[in-house]
Amino acid sequence: MIGATGQIVPHLDEQRADARARAEGREALKRLPVGHLVEMVAAHKRESEAHSSELRKLQAYWWELWQNRVSYGDKEDWQTQIWIPKPFTAVEQAGALIQRSLLEGDQPFGIDGRGEDRRSQMRAVHVWTPLTKMAWDGCGFLPKFSDGCKVGFITGVAGYHKFRWQRTRIPILAGAELDPVTGEILPSFRYRQRSFLAVDYVLPWNIWRDPRSKPRENFSGSYLIHGEWKDRGVVRAMASAGWDSEAVAALLALRGGGDEASGAGASGTTSRQAEAARKGQAYAPSPYRTDFFVDEWWGDVVDTNGDPVFPDALMTVSTGKVLLPPRDNPLWATDIASGRRKWPFLASAPISHPARFEGRGLVEQNADLSRLFSGSFCLLADGMNWTINQGTEIYQD
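A brief report on the enclosed structure follows. (Residues numbered from 1 in each chain as written. Predicted model: local features only at pLDDT ≥ 70, side-chain atom pairs only at ≥ 80, totals over all residues. Heavy atoms only, no water.)

**Digging into a nonpolar patch on the surface**
Judged by side-chain polarity, Ile 111, Val 127, Trp 128, Leu 131 and Met 134 come together as a nonpolar surface patch covering roughly 470 Å² of accessible area. Relative to the assigned elements, Leu 131 resides in helix α5 (residues 118-139). Under the relative-accessibility criterion, Leu 131 is labelled partly exposed at 40%. (Patch = residues over 30% accessible without salt bridge, like charges linked within 9 Å, V, L, I, M, F, W, Y side chains within 5 Å. Areas by Shrake-Rupley, 256 points an atom, 1.4 Å probe, with all protein chains shown as cover. Salt bridge = Lys/Arg side-chain N within 4 Å of Asp/Glu carboxyl O. Helix = DSSP H or I, 4+ residues; strand = E, 2+ residues; numbered from the N terminus. Buried < 20%, exposed > 50% of the residue type's maximum accessible area, 1.4 Å probe, protein only.)

**Some thoughts on the sheet that holds strand β1 (residues 160-178)**
Spatially, the three strands line up as an open sheet ordered β2-β1-β8, and their pairing is antiparallel. Since the sheet does not close on itself, it has two edges, and those belong to β2 (185-202) and β8 (345-346), each with one partner. The sheet contact formed by β1 and β8 spans two bridges and is antiparallel. Directly across from Lys 162, in β8, lies its bridge partner Phe 345. Contacting β1 and β2, α5 runs over the sheet at an angle of about 100° to β2. Across the face of the sheet, helix α6 (residues 141-155) comes into contact with β1 and β2 while running at roughly 30° to β2. (Pairing = 2+ DSSP bridges. Contact = heavy atoms within 4.5 Å. Axes fitted to C-alpha atoms, helices over the stretch in contact; angles between N-to-C directions.)

**So, the pattern of salt bridges**
Inspection of every chain in the model, using the stated rule, returns 21 salt bridges. Between Arg 69 and Glu 64 there is a salt bridge; the shortest N-O distance is 3.7 Å. Each of Asp 13, Arg 16, Asp 300, Asp 312 and Arg 340 takes part in salt bridges that share partners, so that together they form one network.

**Brief notes about unusual backbone geometry**
Positive phi is not limited to glycine here, since Arg 216 has a value of about 70°. Relative to the helices and strands, Arg 216 is located in the loop between β3 (207-209) and β4 (223-231). The phi torsion at Thr 319 lies on the positive side, around 50°, for a residue other than glycine. Inspection of the secondary structure puts Thr 319 in the loop between β6 (308-318) and β7 (321-328).

**Things to note about the pairing of β6**
When you tally the buried positions in β6, you get ten out of eleven residues, the bulk of the element. In this structure, strand β5 (residues 291-302) lies alongside β6, joined through seven bridges in antiparallel fashion. Residue pairing across strands places Glu 296 opposite Thr 316, the latter belonging to β6. Relative to β7, β6 runs antiparallel, the two being bridged by five bridges. Paired with Thr 316 across the two strands is Leu 324, which belongs to β7.

**Quick look at the pairing of β1**
When β1 meets β2, the two strands line up antiparallel, connected through 18 bridges. Residue pairing in the sheet places Trp 165 in a bridge with Leu 197 of β2.

**Observations concerning the sheet that holds β3**
Read across the open sheet, the five strands follow the order β3-β4-β5-β6-β7; overall the sheet is antiparallel. Among the strands making up the open sheet, the edge pair consists of β3 and β7. This sheet shows a mean twist of 20° between the axes of neighbouring strands, independent of strand direction. Those strands touched by helix α3 (residues 34-66) are β3, β4, β5, β6 and β7, and its axis lies near 100° from that of β5.

**Focus on the packing of aromatic side chains**
Taken as a whole and assessed by the stated rule, the structure comprises eleven aromatic pairs. For the ring pair Phe 141 and Phe 145, a centre distance of 5.8 Å and an interplane angle of 40° mean the geometry is tilted. In this pair, Phe 141 and Phe 145 both sit in helix α6, four residues apart, roughly one turn of the helix. Among the residues examined, Phe 141 registers a relative accessible area of 5% and is labelled buried. Between Trp 298 and Phe 345, the aromatic rings sit 6.4 Å apart at their centres with planes inclined by 80°, giving edge-to-face as the arrangement. Highlighted residues: Trp 298 in strand β5 and Phe 345 in strand β8, separated in sequence by 47 residues. Of the two residues, Trp 298 and Phe 345, neither departs from the other in class, the shared state being buried. In this structure an aromatic cluster arises from ring pairing among Trp 63, Trp 66, Phe 88 and Trp 205. Stacked on the ring of Trp 208, the Lys or Arg Lys 45 has its end atom at 4.2 Å from the ring centre. For Arg 341, the ring lying beneath its charged end belongs to Trp 332, and the centroid distance is 3.8 Å. (Phe/Tyr/Trp six-rings, centres within 6.5 Å; stacked < 30°, edge-to-face > 60°. Lys NZ or Arg CZ within 6 Å of the ring centre and 35° of its normal.)

Next up, the structure:
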């Protein structure tokens, strides 16, 4: 295949199967200008935002109904303003069923051996299942899975779970000595590097996926973007973790960057104010807080013609700057249906939609009925108020 630069670029399937073809694709990737990479991510984000803008606004509306934040601004003060919380009760009852199924089962996410192989079954029962349970307990996966299901009942798509391998240094007690003056015991520590599985919980508003993603298939579509507000200290620390130090320094010099500059914002669901409102808070930042909206992009890099150049890549951008240049997806697990390397995000829909990845939730089904019940109850209460507390005519001289 001849790309926009006039160079022959191996096809995606070739690059996924042949290391030499992959190297050629990597060289073609280096010839793409940084501005093109920034515009490609922004275009993908605008495309996803344009296709899902109305859905995102509806999800925000359903979220408000679940929080029982309903306004009767067109009513007089004396009129009844009661909201019957059917969306909240429906979601909580469904969530309770999920929680009970997780707690009652000894191994809700166990591993079974394959076929009639007795040895495989023994390894699954005595090795892999205990290791899996230890990993799930260590990262708090079960409560996060339950919370993700609850978000799905509200918005129609469960909260995304992002799996990553975390490394950190923890202190280990090395010894202790007695202070000869005060008699106080003074401990000494040494540090040991530990690694463990971590699961981040991501709300669906912070995910932009290819509108052509298929129902029930997490790894369908050509891209997925995860965007979040990151504090200045977090961005600065990533310069020592592989990000482009010059790009990070240029970003920090801006003293803050918004999601509008990164190619989104039509629905307004990723602004600082909207994020605070979902928590039931007001946005009132400290003067010492500076944050940036950072997009983590997973997908296939294409040239100006839209021809694929480098498949299964990872890249990080913010406010027009490439913080992490495109590199190979660090996950080697391959999705059989699409043939691509998997990105570390998993989500589902409680009620699947036959034409899109995002499904339907419980609040969508009973929102109008809840308003009917609440309106009827308010009318009944107003009528009883007029019957019991009859009006009195007052004459003024």
